[in-house]
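What the coordinates show
Here are the chains, one letter per residue:
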Amino acid sequence: MNSLAELLNKTLQGTAAYDVLSELGRMLYFPRGIVAQSAEAKKLATKYNATVGMAYMDGTPMHLESIKRYIPELSNEEIFAYAPTAGVAGLREIWKDEMYRKNPSLKEKTVSLPVVTSGITNGIVISSDMFIDPGDTVVVPDMFWGNYRLIFEVRKKARIVTFPFFDSAGNLNTEAMEDTLSEKVKSKKIILILNFPNNPSGYSPVKEEAAKIVSLLNRVAASGKKLVVITDDAYFGLFYENEIYRESLFAELADLNDNILAVKVDGATKENLAWGFRIGFLTFAGKSLSKEHYDALVQKAMGAVRSSISSSSKVAQSLLLKAIKNNQYEEQKEQAFHILMERYLEVKSLMRDYKGNSVIKPLPFNSGYFMTFSVRNGKAEDLRRYLLTKRGIGTISVGTDYLRVAYSSIDKKNLKDLYTEILQASESI
Ligand SMILES: Cc1ncc(COP(=O)(O)O)c(C=O)c1O
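What counts and how
- Residues numbered from 1 in each chain as written.
- Predicted model: local features only at pLDDT ≥ 70, side-chain atom pairs only at ≥ 80, totals over all residues.
- Heavy atoms only, no water.
- Near = heavy atom within 4 Å.
- Polar contact = N/O pair within 3.5 Å; in protein donor to acceptor, adjacent residues only side chain to side chain.
- Areas by Shrake-Rupley, 256 points an atom, 1.4 Å probe, with all protein chains shown as cover.
- Helix = DSSP H or I, 4+ residues; strand = E, 2+ residues; numbered from the N terminus.
- Nonpolar A, V, L, I, M, F, W, Y, C, P; charged D, E, K, R; others polar.
- Core = buried A, V, L, I, M, F, W, Y, C linked by side-chain atoms within 4.5 Å.
- Buried < 20%, exposed > 50% of the residue type's maximum accessible area, 1.4 Å probe, protein only.
- Domains from an automatic or database assignment.
- Contact = heavy atoms within 4.5 Å.
- Phe/Tyr/Trp six-rings, centres within 6.5 Å; stacked < 30°, edge-to-face > 60°.
- Lys NZ or Arg CZ within 6 Å of the ring centre and 35° of its normal.
- Pairing = 2+ DSSP bridges.
- Right-handed = clockwise from strand over helix to strand, strands pointing away.
- Axes fitted to C-alpha atoms, helices over the stretch in contact; angles between N-to-C directions.
- Parallel < 35°, antiparallel > 145°, perpendicular 65-115°, else oblique.
- Left-handed = near helix turned anticlockwise from the far one by under 90°.
- Salt bridge = Lys/Arg side-chain N within 4 Å of Asp/Glu carboxyl O.

Before going further, it helps to spend a moment on the site of the ligand. In the region of the ligand, the neighbouring residues are G119, I120, T121, W145, N195, N199, D232, A234, Y235, T269, K270 and R278. Separating an oxygen atom of the ligand from a backbone N or O atom of I120 is a distance of 2.8 Å. T269 has a polar side-chain atom sitting 2.5 Å from an oxygen atom of the ligand. Bound to the protein, the ligand loses 90% of the 390 Å² it would expose on its own. If you list the elements that add at least two residues to the shell around the ligand, you get α8 (119-131) and α13 (268-271). Taken together, the residues of the shell around the ligand sort by class into four nonpolar, five polar and three charged.

Encoded structure:
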C-alpha cells in the first residue's frame, strides 16, 4: 500500500470512518505529484510557472474568444484555468457557510470542508469508491432514484436491499427501516441512502418522522452496527408544507453516534437551477471526528476525484461563486421556489378534487419536483406508453407499479389539462 495512504489510514484509525472504509477507500490517497507541485509553484514560482499542463499567454490562459464572449464578467483565470482537485477554495468555504445557514442544527457541530464533485451523481460515486466494497449492503427505500442501481450494483457490485417507503397509512415506514437495518441485514457495516425530498415520490419526512429516523439510527448504531449514512440532498430546500423537517438529516447525524459516518451529497444542480453546470459537493461529519480526521477523509476523496474526473468545471464554479455572493441571489432563489411551490399547490388541489379511479392512486407528496401514482395491476409501462403515443405526454414509469410525473417542468396554467389527460388515459388502458 502507498505510504501516503498508510499515513491517512493511521490518522483515521480508531474512528468509525476508518472501520467503514472500503478496500478502495483504504488504498486512496492524494498524491504529491503534479497537482501538489503546481499548487506549490503557484505560490512560489514568481518568474515562470511551467508546472501545469495548460497554455498561457501574457500571464493569462489562452482561450477562444468565441467561448469567452458569452461570459463577459469573468476573468480568463476564472473561465479557462483548471480548478483545484477539491474545487475552488472560496466556493468550498461559502458552500460550507451556506450549509450552516440552511441547517441551523449544525450549530456547534463540525463538518469537513466540502469537496467539489462533477454533479451529485459523481459525489455519490466518489463516496461509494470510498466506502463500498463488492458484496457490501446498501439499504434504500423501495422508492429510489434508478441510477442507484447502476452505481451501487453495477459499478460497485454491492447488494441493494429495499424496505417499503410508506406504511399502509401513508406515513414514512420507519418501522420497516429499523427492522431492515437491525434484523434483516446481518452484516456489521451497512450503507444507508436517505434522499429527501425523495425521487420519485416527492415526499420528505415531517418533523415527527425525522425524529423517529434519528432515534432509530442511533439505536442501530448503539447495537454495534457501523452505518455510513449518505444523504442525497439533491432537491434540498424545495419543502412546500410547514410540518416538514426542513433541514438535511445530515445535521442531526453529524454528531449522533461514533458508529455513524454521515456523508452529505448536495449541489447546485437543482438548488441553483444549474443542471448542466455539473457542480456537486461532498461533505463528511461524524461524532468525535477532528479536523485532522476530516482532512484525511477529504484527501481520500481528492484521490478518488483525481483518479476519475481529475477536477470539476472551473467556469461553472466561478459563476456559482459569483452568484452566491451576489446580493440578489437569495431573492432570485426565493422567486424560483415560489414558482415551483405554486405548481405544487395546483397539483395538490387537483388531487383533492380527484375522487379516485380503479387504476391509479397518488402517493403522498409534499416537496421536490415530482409526485407519483401507484398503478394497479403492474400497468405503469402500459400507461406511460399510452400517454406518450396517444396523447403526446411524457411521464416516467418506475418499475411495473408506479408512474412519476415531474410537475416541476410544467407551467401552472397547463397542469389541470395534464392531470385530466393522465386520469382519462388511466381509465382507457
Ligand atoms: C435523487 C437524485 N440524486 C442525484 C441526482 C443527480 O444529480 P446531478 O445531475 O447533479 O448528478 C438526481 C437527478 O436526477 C436525483 O434525482
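Moving on, we come to the nonpolar core. In terms of nonpolar packing, the biggest core is built from 131 residues, with L91, F131, F152, L217 and Y419 touching the most fellow members. Counting contributing residues, this core receives three or more from each of domain 1 (7-29 + 85-325) and domain 3 (329-428). In this structure F131 touches A17, V20, L21, S22, D136, K189, I191, V228, L261, V263, F284 and L297, once residues within four positions along its chain are discounted.

Once that is clear, we can look at the packing of aromatic side chains. Applying the stated criterion across every chain, the model contains 19 aromatic pairs. One aromatic cluster in this structure is built from Y240, F337, Y344, F365 and Y407. Looking at R26, its charged tip hangs above the ring of Y18, at a distance of 4.6 Å from the centre. The ring of W95 is capped by K102, whose NZ or CZ atom sits 4.5 Å from the centre of that ring.

Along strand β4 (residues 137-141), five of the five residues are buried, which leaves the element largely enclosed by surrounding structure. Along β4, one buried face is formed by T137, V139 and P141 and the opposite face, lined by V138 and V140, is buried too. Both β4 and strand β5 (residues 159-163) contribute to a ladder of five bridges, which runs parallel. Opposite V140, over in β5, you have T162 as the bridge partner. Traced from β4 through helix α9 (residues 147-155) to β5, the parallel crossover comes out right-handed. For β4 and strand β6 (residues 189-194), the ladder comprises three bridges, and the chain directions are parallel. When the sheet's bridge partners are listed, V139 is paired in β6 with L192.

Split into domains, the chain comes out as domain 1 (7-29 + 85-325), domain 2 (31-77) and domain 3 (329-428). For domain 2 and domain 3, the distance between their C-alpha centroids amounts to 47 Å.

Here four strands make up an open sheet; going across it, the order is β10-β11-β13-β12 and the pairing antiparallel. Each of the sheet's edge strands pairs with one partner strand only, and the pair in question is β10 (360-362) and β12 (396-398). Looking at each pair of strands side by side, their axes are set apart by 30° on average, direction ignored. Packed on one face of the sheet, helix α18 (residues 412-428) meets β10, β11 (371-375) and β13 (402-405) and runs near 165° to β13.

This part is about the packing of α8 against α9. How two helices sit against one another is set out by the angle between their axes and by the gap between those axes. At a minimum axis distance of 11 Å, the contact between α8 and α9 shows a crossing angle of 25°. The orientation of α8 with respect to α9, classified from their angle, is roughly parallel. Both α8 and α9 take part in a crossing whose hand is right-handed. Here T121, I124, V125 and S128 of α8 come into contact with α9, specifically with N147, Y148, I151, F152 and R155. Grouping the constituent residues of the contact of α8 with α9 by class yields five nonpolar, three polar and one charged.

Here the focus is the pattern of salt bridges. Within this structure, the stated rule accounts for 21 salt bridges. Ionic pairing is found between E271 and K102, a salt bridge with its closest N-O pair at 2.8 Å. Residue E271 is found in helix α13, and its partner K102 is found in helix α7 (residues 89-102); the two are separated by 169 residues along the sequence. Exposure class is identical for E271 and K102. Each is buried. We note a salt bridge from D295 to K291, for which the minimum N-O separation is 2.7 Å.

It is worth spelling out the sheet that holds β6 at this point. Each strand in a sheet pairs with its neighbour through backbone hydrogen bonds, running either in the same direction (parallel) or in the opposite one (antiparallel). The strand order across the open sheet formed by seven strands is β3-β9-β8-β7-β6-β4-β5, and the pairing between neighbours is mixed. Only two strands of the sheet have a single partner each, and these edge strands are β3 (115-117) and β5. Mean inter-strand twist for the sheet, computed between neighbouring axes without regard to direction, equals 25°. The sheet strands contacting helix α11 (residues 207-222) are β6, β7 (226-232) and β8 (260-267), and the helix crosses β7 at an angle near 155°.

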